[in-house]
Amino acid sequence: MSIAALLALSLAACDRKQDAGEASTASRPPLALQTALSQPGPAASSGAASERVVALPDFTPLMKAQGSMVVNVITTNRAAVASRRGGPPQNDPMYEFFRRFIPDVHSGGPGAPDAGRQRGGIGSGFIITPDGYILTNAHVVADFDDITVRLADPKRKFKARLVGLDRRTDVALLKVEATDLPSAKLGNSSQVAPGQWVAAIGSPFGFANTITVGIVSATGRALPDEGFVPFIQTDVAVNPGNSGGPLIDLKGEVIGINLMIYSATGGYMGVSFAIPIEVALDVAKQLQAAGKVRRGRLGVGIQPMTKELAQSFKLDAPVGAVVVIVEKGSPADKAGLKAGDVILSCDGKKIEDPDELPRLVAATKPGEKATLEVWRGGRREQLAATVGEFPADTSAASREAPAKAADISLGLAVSELPPRGRKALGVDYGLVVEEVRGGPGEGSGIRPGDVIVAVGQEQFRSFEEFNKLLARRKKGERAPLLVRRGASALYVPVELA
């Protein structure tokens, strides 16, 4: 038989199959909108099969109902950042560190390409009250002079005031002067479960009011250097510009604030994280009331319990948090905690995972008593600790607060070294010199980009502690500041004014 004849027979067979199937497929929804699972039905004995069709959720009503409360957050900062703040030269080992972790510190000087250029950023947020309170991420608005909020209606935009921000949870509260604004329907993230459908609305790459959908992958996730937030993990597409926007469930309720992605390439790879809405609202309430967030503190270093450690401690199960460090004079020290203790519960709440302990302690008001159940020497004991206060995030209420706090006697503008920076340098805390404003600092040898880690042999863990160490010294006395510069460390003596 010729090739042409074979081809004709094949086409005819295809046509017959298509004709036979038209009647059975005419009433089906498009494949993109269905999942057809073939299962044996009552007529299975006759060779027939029934099909169960499961429709995917329609997010159109959600977008119509909630899209109007999502805003575009536009930030600008007209300042000669490079000439004003300076930074290490490009051949300095610390250049890459500052470029990646502290992008506001540039490498140029006066006349550099960046000098005088307007910095800007873009992100998302959502309105939580009709009178203009808005939630977003702290990193979206931090260190910018002007904040503009644009509503879903592009003709409506407002100048926003930064009420306060909390870098540790990456939550910021904004306020615009307006009334009768569309506001979010707030949900309960404690009821969120892996597998449920969720949607993100935001401005990825500046494309306002973009919706992306997916499922919750996990809850209660702990991330490196992020001990206060039990993150919601999703596979929703989140990209630059989505930060600060809402994560919404199928009921149209906001259950979180979209924050970040985990990526090897810088682009979306199916793993994104959101801050639970309860955490964000607690922070917002404190920012509105006091401009800052107060957190409890014990003063211990802990590590996870393993099966092998549990056996060595004669514990029945690998639960609790193993104490490895107790800071001298801390609330934990005063309560009698020791290295080698295993904290099993805090105020009756069991510690199944060590990440739960910092969250429970942080949620306790400073000055309140916390009852700790510890495993020591093969038996359980009860200890009472008066919770201290975690060093304040002094950048929360005002952009000028860090500079004022450190400018008392040195003439330096500084900011806190972020957690990733501390990890990179191997220090517990540090202050980054952003600017030498004159006075004793000028001519002392201190440079923008230096990281101050101690005064003499005394370390500090907040702006307040740093200033107290300086205040102990007399006017005109030289204070030896231990700084990290590149790969080296050195003392720089600075005369106190």
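This section reports on the structure supplied with the text. (Residues numbered from 1 in each chain as written. Predicted model: local features only at pLDDT ≥ 70, side-chain atom pairs only at ≥ 80, totals over all residues. Heavy atoms only, no water.)

1. Side note on the overall build of the chain
Summing up its helical and strand segments, the chain has 12 helices and 29 strands in all. Counting every position in the chain, which comprises 497 residues, the buried fraction comes to 45%. Sequence separation of at least 24 residues holds for 60% of the intrachain contacts in the chain that already meet a minimum separation of 6. Entry remark: accessible area of the chain is about 24,900 Å², with carbon and sulfur atoms responsible for 53%. (Helix = DSSP H or I, 4+ residues; strand = E, 2+ residues; numbered from the N terminus. Buried < 20%, exposed > 50% of the residue type's maximum accessible area, 1.4 Å probe, protein only. Contact = heavy atoms within 4.5 Å. Areas by Shrake-Rupley, 256 points an atom, 1.4 Å probe, with all protein chains shown as cover.)

2. Some remarks on the nonpolar core
Ranked by internal contacts, the top residues of the largest apolar core, which has 30 residues, are M69, F126, L135, L173, F231, V254 and I275. Elements that contribute at least two residues to this core include exactly β5 (133–136), β9 (171–175), β10 (197–202), β12 (226–234), β14 (254–261), β15 (272–276) and α6 (277–290). A total of six residues in this core trace back to one element, the largest contributor, which is α6. (Core = buried A, V, L, I, M, F, W, Y, C linked by side-chain atoms within 4.5 Å.)

3. Digging into the pattern of salt bridges
The tally for this structure, following the rule as stated, stands at 12 salt bridges. Between R379 and E381 there is a salt bridge, with the nearest N and O atoms lying 3.2 Å from each other. Counted as one network, the salt bridges with shared partners bring together D341, R376, R379 and E381. (Salt bridge = Lys/Arg side-chain N within 4 Å of Asp/Glu carboxyl O.)

4. Digging into the pairing of strand β26 (residues 451–455)
With five of five residues buried, β26 is to be regarded as a mostly interior element. As judged from the two bridges shared by strand β25 (residues 431–436) and β26, these two strands associate in the antiparallel manner. Within β26, the residue paired with V432 across the bridge is V451. Bridge analysis of β26 against strand β28 (residues 478–485) gives four bridges, and the strand direction is antiparallel. (Pairing = 2+ DSSP bridges.)

5. Considerations on the side chain of E253
The residue E253 is located in the loop between β13 (246–249) and β14 in this model. On the accessibility criterion, E253 (16% relative accessible area) is buried. Setting aside chain neighbours within four positions, we find E253 in contact with K185, L186, G187, N188, L247 and I248.

6. A closer look at the packing of aromatic side chains
Tallied over the full model, the rule gives five aromatic pairs. Considering the side-chain rings of F59 and W197, the 6.1 Å spacing of their centres and the 65° angle between planes classify their relative orientation as edge-to-face. Note that F59 is positioned in the loop between β2 (50–55) and α2 (60–66) and W197 in strand β10, a separation of 138 residues in sequence. The class for F59 is buried, based on a relative accessible area of 12%. For W197, a relative accessible area of 29% corresponds to the partly exposed category. (Phe/Tyr/Trp six-rings, centres within 6.5 Å; stacked < 30°, edge-to-face > 60°.)

7. Examining the layout of surface pockets
Think of a ball as big as a water molecule: rolled over the atoms, this probe shows where empty space is left. Space inside the second largest pocket adds up to approximately 540 Å³. D282, Q286, R294, A362 and A363 are, among the 20 residues lining the second largest pocket, the residues nearest its centre. Elements that contribute at least two residues to the lining of the second largest pocket include exactly β12, α6 and α9 (356–362). Counting residues per element, the lining of the second largest pocket draws most heavily on α6, which supplies six residues. Tallied by class, residues from the lining of the second largest pocket come to 10 nonpolar, three polar and seven charged. (1 Å grid on protein atoms, 1.4 Å probe; cavity = no way out; pocket = protein on both sides within 12 Å on 5 of 7 lines; lining within 4 Å. Points joined across faces, edges and corners; volume = space filled by probe spheres on them. Nonpolar A, V, L, I, M, F, W, Y, C, P; charged D, E, K, R; others polar.)

8. Here's the deal with helix α12 (residues 463–471)
Among all positions in α12, only F463, F466, N467, L469 and L470 are buried. Projected onto a plane normal to the axis of α12, the buried residues spread over an arc of 155° and lie on a single side. The outward face of α12, more than 90 degrees from its buried face, is lined by the exposed residues K468 and A471. A side-chain oxygen of the first residue of α12 lies 3.1 Å from the backbone nitrogen of E465; this N-cap is S462. (Arc of directions from axis to C-beta. Polar contact = N/O pair within 3.5 Å; in protein donor to acceptor, adjacent residues only side chain to side chain.)

9. Considering the pairing of strand β22 (residues 379–386)
Pairing of strand β21 (residues 369–376) with β22 involves eight bridges; the strand directions are antiparallel. Each bridged residue has a counterpart across the sheet, and for T371 the counterpart in β22 is A384.

10. Points about unusual backbone geometry
Of note in this structure, N209 is not a glycine but carries a positive phi near 50°. Accessibility expressed as a relative area gives 26% for N209, which makes it partly exposed. If you check the backbone angles, D347 has positive phi at about 50° while not being a glycine. Residue placement: D347 occurs in the loop between β19 (342–346) and β20 (349–350).

11. Topic: the environment of D143
Position of D143 among the secondary structure elements: in the loop between α5 (138–141) and β6 (146–150). Taking the C-alpha atoms as reference, D143 lies 7.9 Å from N77; in sequence the two are 66 residues apart. Of the polar contacts made by the side chain of D143, one reaches the side chain of R167; its length is 3.5 Å.

12. Digging into the environment of G377
Along the chain, the position of G377 falls in the loop between β21 and β22. Linking G377 and K314, residues 63 residues apart in sequence, is a C-alpha distance of 8.7 Å.

13. Some details on the environment of S68
Considering the arrangement of structural elements, one finds S68 in the loop between α2 and β3 (70–78). Taking the C-alpha atoms as reference points, S68 and L151, 83 residues apart in sequence, are found 7.1 Å from one another.

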